[in-house]
Amino acid sequence: MREVRTDKDALLIIDVQNDFCPGGKLAVPNGDEVIAPINALIPKFRHVIQTQDWHPADHSSFASQHNARSEYETIELNYGTQVLWPDHCIQGTTGAEFHPELNTVRSTAVIRKGFRAGIDSYSAFLENDKTTKTGLSGLLESIGIERVYLCGLATDFCVKWSALDATDFGFETILIKDAVRGIDLEDSVASAFREMDDAGVSIIHSTDLR
Ligand code: VGL
Ligand code: ZN
């Protein structure tokens, strides 16, 4: 059992949005299964922070913006390799809204990301250029957070990069394995778990927390 320290711990809920759930534009297989364990975790925390993928319609991560390119292909953009996605989480659309069954009442902050047309942002901390901050690290530091618990979508993209950056910013980082689901392109879920483990991320089950 692990005890939540309400003053020093934060729950980070990554991208639990309609487009990442079944029926959405970039549906993560069984993505909606994260909602029940996340809703059960929320009351244990004082600091609950959500991220929201929030793209303009002409976002450069969309295959639709690149002539003759297909979804899930990769291309080189000025900051590195980028997977091309179906149009998803467009600002102001239903797909970009949080899933209606997610309890958002106790969330104290929402970090929107991916709103610059020319750069994608998987991580809750840094955009994909690995330089531009979202502001989350400063927020967490200023309220005295030392440890972050991660859950949400998708294990192999936004959750993974958020976890790796959390360790880089010096936070003790814990992944709640039954409260994440992945897209899984070429075994990317298995490699995400390996990379997180190698970086020192602890991997626990939601029922280990009290
Ligand atoms: C995500 C791909 C594109 C995610 C967001 O939330 O993991 N993946 N945009
Ligand atoms: Zn996105």
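> Give a description of the nonpolar core that names residues and reports values.
Counting residues in each nonpolar core, the largest one holds 59 residues, and the members touching the most others are Leu11, Ile13, Ile38, Phe125, Leu140 and Val148. By residue number, the principal contributor to this core is helix 3 (residues 155-168), which donates six residues. Residues within four places of Leu11 in sequence aside, it is in contact with Leu41, Ile42, Phe45, His47, Val48, Ile49, Tyr149, Cys151 and Ile176. Formed by six residues, the second largest nonpolar core is a distinct cluster that contains Ala63, Ile75, Leu77 and Tyr79.

> So, the site of ligand 1: which residues are in play, and what are the values?
Taken together, Asp15, Phe20, Leu26, Asp53, Trp85, His88, Tyr122, Leu153, Ala154, Phe157, Cys158 and Ile183 make up the full set of residues near ligand 1. A distance of 3.4 Å separates an oxygen atom of ligand 1 from a polar backbone atom of Leu153. Within the backbone of Cys158, one N or O atom sits 3.0 Å away from an oxygen atom of ligand 1. In the complex, the protein chains occlude 100% of the 260 Å² of accessible area that ligand 1 would expose alone.

> Residue-level account of the side chain of His47, with values.
For His47, the position within the fold is in strand 2 (residues 47-53). The exposure class assigned to His47 is buried, which follows from its relative accessible area of 14%. Residues in contact with His47, not counting those within four places in the same chain, are Thr6, Asp7, Asp9, Ala10, Leu11, Thr108, Ile143 and Ile145.

> So, the sheet that holds strand 8 (residues 202-204): which residues are in play, and what are the values?
Taken together, six strands build an open sheet; the order of strands is 5-2-1-6-7-8 and the sheet is parallel. Each edge of the sheet is formed by a strand with only one pairing partner; in this case those strands are strand 5 (109-113) and strand 8. On average, adjacent strands in this sheet sit at an angle of 25 degrees to one another, irrespective of strand direction. By the bridge criterion, three bridges tie strand 7 (residues 172-181) to strand 8 in an arrangement that is parallel. The partner of Ile174 across the bridge, within strand 8, is Ser202. Sitting on the sheet, helix 3 touches strand 1 (9-14), strand 5, strand 6 (147-153) and strand 7, and the angle it makes with strand 6 is about 170 degrees.

> I'd love a proper account of the pairing of strand 5, names of residues and values included.
Along any regular strand, the residues point their side chains to alternate faces of the sheet. The side-chain alternation of strand 5 yields one buried face, formed by Ala109, Ile111 and Lys113, and one unburied face, formed by Val110 and Arg112. With five bridges connecting them, strand 2 and strand 5 associate as parallel partners. Considered in strand 5, the bridge of Gln50 is made with Val110.

> Hey, could you go over the coordination of the zinc ion (ligand 2) for me, with residue numbers and the actual values?
Distances from the zinc ion (ligand 2) to its protein donors, namely Asp53 (OD), His55 (NE2) and His88 (NE2), fall within the range 2.0 to 2.2 Å. The site at the zinc ion (ligand 2) holds four donor atoms, and with the angles between them running 88 to 169 degrees, its shape is irregular. Linear spacing of the donor residues for the zinc ion (ligand 2) on their chain is D-x1-H-x32-H. Both residues of the pair, Asp53 and His55, belong to the buried class.

Here is what the cut-offs are and how they apply
- Residues numbered from 1 in each chain as written.
- Chains lettered and ligands numbered in written order.
- Predicted model: local features only at pLDDT ≥ 70, side-chain atom pairs only at ≥ 80, totals over all residues.
- Heavy atoms only, no water.
- Core = buried A, V, L, I, M, F, W, Y, C linked by side-chain atoms within 4.5 Å.
- Buried < 20%, exposed > 50% of the residue type's maximum accessible area, 1.4 Å probe, protein only.
- Helix = DSSP H or I, 4+ residues; strand = E, 2+ residues; numbered from the N terminus.
- Contact = heavy atoms within 4.5 Å.
- Near = heavy atom within 4 Å.
- Polar contact = N/O pair within 3.5 Å; in protein donor to acceptor, adjacent residues only side chain to side chain.
- Areas by Shrake-Rupley, 256 points an atom, 1.4 Å probe, with all protein chains shown as cover.
- Pairing = 2+ DSSP bridges.
- Axes fitted to C-alpha atoms, helices over the stretch in contact; angles between N-to-C directions.
- Donors = N, O, S within 2.8 Å, 3.2 Å for Na, K, Ca; no water.
- Tetrahedral: all angles 85-135°; square planar, octahedral: opposite > 155°, others 65-115°.

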